[in-house]
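Structural characterization, general
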Amino acid sequence: MSDTYSDSLVDVSSDSFWEVGNYKRSVKRVDDGNRLCNDLMNCIHERARIEKAYALQLTEWAKRWRQMIEKGPQYGTVERAWCAVMTEAEKVSDLHLEVKGALMGEDFEKIKNWQKDAYHKQMIGGFKETKEAEDSFRKAQKPWAKKLKEVDMMKKAYHTACKEEKLASSRENNSKLENNNPEAQKKLQDKVEKCQQDVQKTKERYEKSLEELEKVTPQYMENMEQVFEQWQQFEDKRLNFFKELMLDVKQHLDLSTNHKFQNVYQTLEDTIRAADTEEDLKWFRSNHGPGMPMNWPQFEDWSIDINRTLSRREKKKPSDEVTLTGINQTGERAAKTTNSLTVPISTDRVSLNPFDDEEAEEETPAHQSNSSPASVKKEEVNVKTTSSAEKTRCSSDEETSNPFGADSNENGNPFEDEPSSPTVSVPVRALYDYEGQEQDELSFKAGEEFTKIGEEDEQGWCKGRLKDGQVGLYPANYVEDIQ
């Protein structure tokens, strides 16, 4: 193809499709289709990431709140209803993970495969389909573009001849007005006649070129229509594919039509409606209120086989203690002096008299001493729960009233051989925030590090020391050991 023809393709005089070179917009649509496939894949991929992130957040939220509910004070059927909300979150999380899998495993892969089949890359860059469209339109337009070029040339020659004829006529008229010599006027007149002849010739050529252009125009239009329809069908396949694909995406995203999703909320509603407040109140009355069974005090004969028992709290407080204020023995080995023995114990007075503000005493037979059974008639152990201030106040009395004197260990102290807690020092890190509910409990934030100084008890509590030196109890499952 000549450079002149190539330049004519660039010189677009209007916005019509029929103008030379304006088919390039149809060619560009092929490249745009490939780019739109990439855009749609990116769109679906981003939505899949959102679905996954939402599912993980739901799972984490449900796990954290389920633990708090189970450890909290809520009880009964209302607790089950509350936990059902967490179950809903877990099931919906699973459904959103399924959505993510469908988007990436089906829709994303479907676009990727279709794009691979529809657009074929060339070694030198670009796509085979783009080059085919460009060549097809160029071939269909080439004959008509050549005729159009000839028409433009004839038009330019005709307009130039008209301009020359007009200029010659003007000079001839000016010469007549100036009364120049006849020879000069004759030359100007001959010039005008020659220009008029050129105008007539170029006009005839111009008209003839237009006629020839008009003859090839129908064939040009037909060829261009055929090529255009060919790439219309190519684009039609892409548009229909996109439409069908987005319907699949809608089906995957629309959980309202998913029977699993409907069952989740039907189950949640049934569980919540099944909550019976009267049943919960009856349960609490029977387990924590007046409906609880009570071992009312009755007369009991003394027995040597009865073991000493001490009440214990569900969790220990280091600041609370039990002070043995007096042990009276009857028999051959009577107490000579008085001493105090203090051991940690709870201040939980479930088994004590709630109306006694000063002291609560529990009397049970003590362990046998190292002396012979015949010499021990009876031991009375008075257990008194006191604060640190009360211990100070009672110290003077204990010096004269405690039967365990300096030589009591020789006779066998029943509390002398109790095992002590093993020393523990383990660095731990908090998994959740915790706010201490009582004075002997620690408060910390998630991520805070401190030291565990006591093993977990049967109620799930550990003893720890914060970095500022504060010592107290905390829930064992709120922390993890630092490796």
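For the structure, check the block above.
1. Some details on the packing of aromatic side chains
Two aromatic rings are characterised by how far apart their centres lie and by the angle between their planes. Enumeration over the complete set of coordinates arrives at 22 aromatic pairs. The interplanar angle of 80 degrees and the centroid separation of 6.2 Å between the aromatic rings of Phe 17 and Phe 137 together place this pair among those described as edge-to-face. Residue Phe 17 is found in the loop between α1 (3-10) and α2 (24-71), and its partner Phe 137 is found in helix α4 (residues 128-178); the two are separated by 120 residues along the sequence. Judged by relative accessible area, which is 0%, Phe 137 ranks as buried. Seen from their ring centres, Tyr 434 and Tyr 478 are 5.4 Å apart, and the 75 degrees between their planes marks the pair as edge-to-face. Taken together, the residues Tyr 434 in the loop between β4 (426-430) and β5 (449-454) and Tyr 478 in the loop between β7 (471-475) and β8 (479-481) connect sequence positions 44 residues apart. Tyr 478 shares its class with Tyr 434; the two are buried. These aromatic residues form a ring-pair network of at least three members: Phe 17, Trp 18, Tyr 23, Phe 137, Trp 144, Tyr 220 and Phe 228. If you follow Arg 238 out to its NZ or CZ, it ends over the ring of Phe 242, 4.9 Å from the centre.

2. Side note on the side chain of Thr 77
With respect to the secondary-structure elements, Thr 77 resides in helix α3 (residues 76-118). With residues up to four places along the chain from it excluded, the contact list for Thr 77 reads Ala 274, Ala 275, Asp 276, Glu 279 and Asp 280.

3. Observations concerning the pairing of strand β6 (residues 461-465)
Relative to β6, β5 is paired through three bridges, and the arrangement is antiparallel. Bridge pairing in β6 places Lys 452 opposite Gly 464. Between β5 and β6, which pair antiparallel and follow one another directly, the connecting turn spans six residues, one of which, Gly 460, has a positive phi of 90 degrees. Of the strand pairs in this sheet, β6 and β7 are connected by five bridges, and their pairing is antiparallel. If you follow Arg 465 over to β7, its bridge partner there is Val 471. The hairpin formed by β6 and β7 contains five residues between the paired strands, and Gly 469 there has a positive phi angle of roughly 95 degrees.

Conventions we followed
- Residues numbered from 1 in each chain as written.
- Predicted model: local features only at pLDDT ≥ 70, side-chain atom pairs only at ≥ 80, totals over all residues.
- Heavy atoms only, no water.
- Phe/Tyr/Trp six-rings, centres within 6.5 Å; stacked < 30°, edge-to-face > 60°.
- Helix = DSSP H or I, 4+ residues; strand = E, 2+ residues; numbered from the N terminus.
- Buried < 20%, exposed > 50% of the residue type's maximum accessible area, 1.4 Å probe, protein only.
- Lys NZ or Arg CZ within 6 Å of the ring centre and 35° of its normal.
- Contact = heavy atoms within 4.5 Å.
- Pairing = 2+ DSSP bridges.

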